[in-house]
Amino acid sequence: MPSHNAGRPANNARDPRRNLPRMDELLRLPAVERAREIFAEHAIRATIRAVLSAARRGDVPVASVEEEIALRLADHSTHSLQPVINATGVIIHTNLGRAPLPAAAIDALQDAAGYTDVEMDLDTGRRSSRRGAGATKALLAACPGAEDALVVNNGAAALLLATAALAPGKEVIISRGELIEIGAGFRLPELIESTATRLREVGATNRTHLHDYEAALGEETGAILKVHPSNFRIEGFSSSVGVGELAQLAKKQGTNLIVDLGSGLLTHDPVLPDEPDIHAQLKAGADIVIASGDKLLGGPQAGILLGTKDAIAAVKKHPLARAVRIDKLRLNALEAAITTPANAVNQALHLDPARHRERTEAIAAAVGGEVVEHAGRVGGGGAPEYPLPGVAVSLPEELAPKLRQHTPPVVARQHQGRCLIDVRCVPESQDEVLIAAIRAVM
């Protein structure tokens, strides 16, 4: 019969881990008492348990347990997301949280963080049905082609709601060339068909004609859907049907035309000549145009629906509207982002080429890098593959992972064996911080 001591070290009696302090003792440490002003009890206990586990594995000396707990609590934060410096040249970088908020939107978040009048009429003291009225008013002022608007949680929610409300239990006609998949394996067809709505595919991957849509129309038609390809282009032997033609067809049939733009460009921008804008699609006859708030619009995550009064009214009445409702924080931030005269996305798109080069040359001189031509990108599915001419600092590729692990993290572009630092999306006030980070990892 094996001994119950089998597998234990022979000098177990002398193992210092037998002297590990108890949890109740550690909870009385001065460092723990101070931490209670910042952290909840369960968070403190989790930190202590992690240190004790590390000590049992031998990763932390028993004599250093109390010191390690104090260090971890001092370095700990109540949240895990941390700010990074985006030196990739990609303006709407999905992995980095898309559009950075303008100062006015950050102030708006603060103002909405406590109790607000989000659903109260302060004149009467009664509940108000005008939730999001401020954001709606701002959107309609910025995009006069729309008769009404609704803001929901995100772009996917907006598309789901629009198709479910305008084509309940019916077919939505869509070109096969627009059955897109975007980041993280997210596919629009699967989203739409998660409700009772059915997709009716027409045309071919590269070519779809007006008669393809005409042949698919029938009693089961609930809406026609046109989707901006977002993150790819089809070139060469290809064709598609414009919003104007589809709007005429939808009107003739007595159905609705939904246009999913995604990128959120409110009005035409000469810097992005081929990027469709919301105002133009509404003017061409779309009943609803869908866009994201955290892309070219430069605001927080949001799904924006702009369109005719009848179409938006149908969307607002659908039960899903409650399920995908946006919170008060982002409603306030979106209104501010639309109302303020400038934001980081707009500034990165319209930067001064001479100043961009001047800043790049100064950083290169400070760290011993080389200035090279570098085309930035819109990112986030906006203006796919469209280059934004500029320059970058070229450094050895091995610096890229070190910069990501620096504090603050710097995310550069790794390309053709080099680490490229593009300051297109870096506020000028952070140039010295960027230089210090590069010098530190070199």
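Given the structure is predicted, the values throughout are model-derived calculations rather than measurements.

Side note on unusual backbone geometry
And step 1. Cis peptide bonds are those with omega within 30 degrees of zero, and the linkage from T407 to P408 qualifies with 0°.
And step 2. Examined against the element boundaries, P408 turns out to sit in the loop between helix 17 (399–404) and strand 15 (410–415).
And step 3. Positive phi is not limited to glycine here, since R98 has a value of about 60°.
And step 4. Positive phi outside glycine occurs at E385, with the angle close to 65°.
And step 5. Mapped onto the elements, E385 comes out in the loop between strand 13 (370–373) and strand 14 (391–396).

Some remarks on the UniProt feature "modified residue: N6-(pyridoxal phosphate)lysine" (unreviewed entry) in the chain
And step 1. Per the UniProt record, "modified residue: N6-(pyridoxal phosphate)lysine" (unreviewed entry) is found at K295.
And step 2. In this fold, K295 is placed in the loop between strand 11 (288–292) and strand 12 (303–307).
And step 3. Each residue touching K295, except ones within four places of it in the same chain, is listed here: I92, R98, A99, G262, S263, V345 and G380.

Focus: the packing of aromatic side chains
And step 1. A full pass over the atoms with the stated rule returns 0 aromatic pairs.
And step 2. Its guanidinium or amino end placed over the ring of F237, R207 lies 4.2 Å from that ring's centre, counting from NZ or CZ.

Description of the pairing of strand 12
Working note: regular strand, side chains alternate between the two faces of the sheet.
And step 1. Across the 5 residues of strand 12, 5 count as buried, placing the element largely inside the fold.
And step 2. Taking every second residue as pointing to the same face, both faces of strand 12 are buried, with G303, L305 and G307 on one and I304 and L306 on the other.
And step 3. As paired elements, strand 4 (residues 148–152) and strand 12 share 5 bridges and run antiparallel to each other. Considered in strand 12, the bridge of V152 is made with G303.
And step 4. Bridging between strand 11 and strand 12 involves 5 bridges; their strand directions are antiparallel. Residue pairing for strand 12: A291 is matched across the bridge by I304.

Considering the side chain of N86
And step 1. Mapped onto the elements, N86 comes out in strand 1 (residues 85–87).
And step 2. Residue N86 is classed as buried on the basis of its relative accessible area of 12%.
And step 3. At a separation of 2.6 Å, a polar atom in the side chain of N86 contacts the side chain of T88.
And step 4. Within the structure, the side chain of N86 is placed 2.9 Å from the backbone oxygen of V90, a separation counted as a polar contact.
And step 5. For N86, the contacting residues outside a window of four places in its chain are I91, H93, L96, V411, D422, C425 and V426.

Considering the pattern of salt bridges
And step 1. Scanning the model with the defined rule gives 23 salt bridges in all.
And step 2. Of the charged contacts, one joins E41 and R45 as a salt bridge, the two residues approaching to 3.9 Å between their closest N and O atoms. With E41 and R45 both in helix 3 (residues 41–57) and 4 residues apart, the pair spans about one turn of that helix.
And step 3. Residue E41 is classed as partly exposed on the basis of its relative accessible area of 31%.
And step 4. Among the salt bridges present, the one from R176 reaches E201, with a minimum N-O distance of 3.4 Å. Of this pair, R176 sits in the loop between strand 5 (171–175) and strand 6 (181–182) while E201 sits in strand 8 (residues 198–202), and the two are 25 residues apart along the sequence.
And step 5. Using a relative accessible area of 38% as the deciding quantity, one classes E201 as partly exposed.

Focus: the sheet that holds strand 15
And step 1. Spatially, the 5 strands line up as an open sheet ordered 1-15-16-14-13, and their pairing is mixed. Only two strands of the sheet have a single neighbouring strand rather than two, namely strand 1 and strand 13. Strand-to-strand, the axes of this sheet are offset by a mean angle of 40°, without reference to chain direction.
And step 2. Of the strand pairs in this sheet, strand 1 and strand 15 are connected by 3 bridges, and their pairing is parallel. The residue bridging I85 from the neighbouring strand is V410, located in strand 15.
And step 3. Across the sheet, helix 16 (residues 353–367) lies against strand 13 and strand 14, angled at about 20° from strand 14, the strand it touches most.

The rules behind each value
Residue numbers restart at each chain and count upward from 1, following the sequence in its written direction. Restriction of local features to residues with pLDDT of at least 70 applies here, the model being predicted, together with a cutoff of 80 or more for giving and counting side-chain atom pairs; totals for whole chains, interfaces and linings are based on all residues. The side-chain numbers reported here are obtained from all heavy atoms of the structure, hydrogens and water having been left aside. Helix and strand labels come from DSSP, where a helix needs a run of H or I of at least four residues and a strand needs a run of E of at least two; each type is numbered from the N terminus. UniProt positions are given in the numbering used here, feature names are shortened, and annotations may be inferred rather than shown by experiment. Contacts are assigned to residue pairs that have any heavy atoms within 4.5 Å of one another. Only centres within 6.5 Å qualify two rings of Phe, Tyr or Trp (six-membered ring in Trp) as a pair; their planes then separate them into stacked at under 30 degrees, edge-to-face at over 60, and tilted for everything else. By the criterion adopted, a ring carries a charge over it if an Arg CZ or a Lys NZ lies within 6 Å of its centre and within 35 degrees of its normal. Exposed residues in this analysis have more than 50% of their type's maximum accessible area, buried residues have under 20%, and partly exposed residues fall in between, with area computed by a 1.4 Å probe over protein chains only. For two strands to be treated as a pair, DSSP must find no fewer than two bridges joining them. For this analysis, a polar contact is any N or O atom pair within 3.5 Å, provided that within protein one partner can donate a hydrogen and the other can accept it, and provided that sequence-adjacent residues contribute only side-chain to side-chain pairs. A pairing counts as a salt bridge when a side-chain nitrogen of Lys or Arg comes within 4 Å of a carboxyl oxygen of Asp or Glu. With axes taken as lines fitted to C-alpha atoms, and helix axes fitted only over the stretch in contact, angles between N-to-C directions fall between 0 and 180 degrees.

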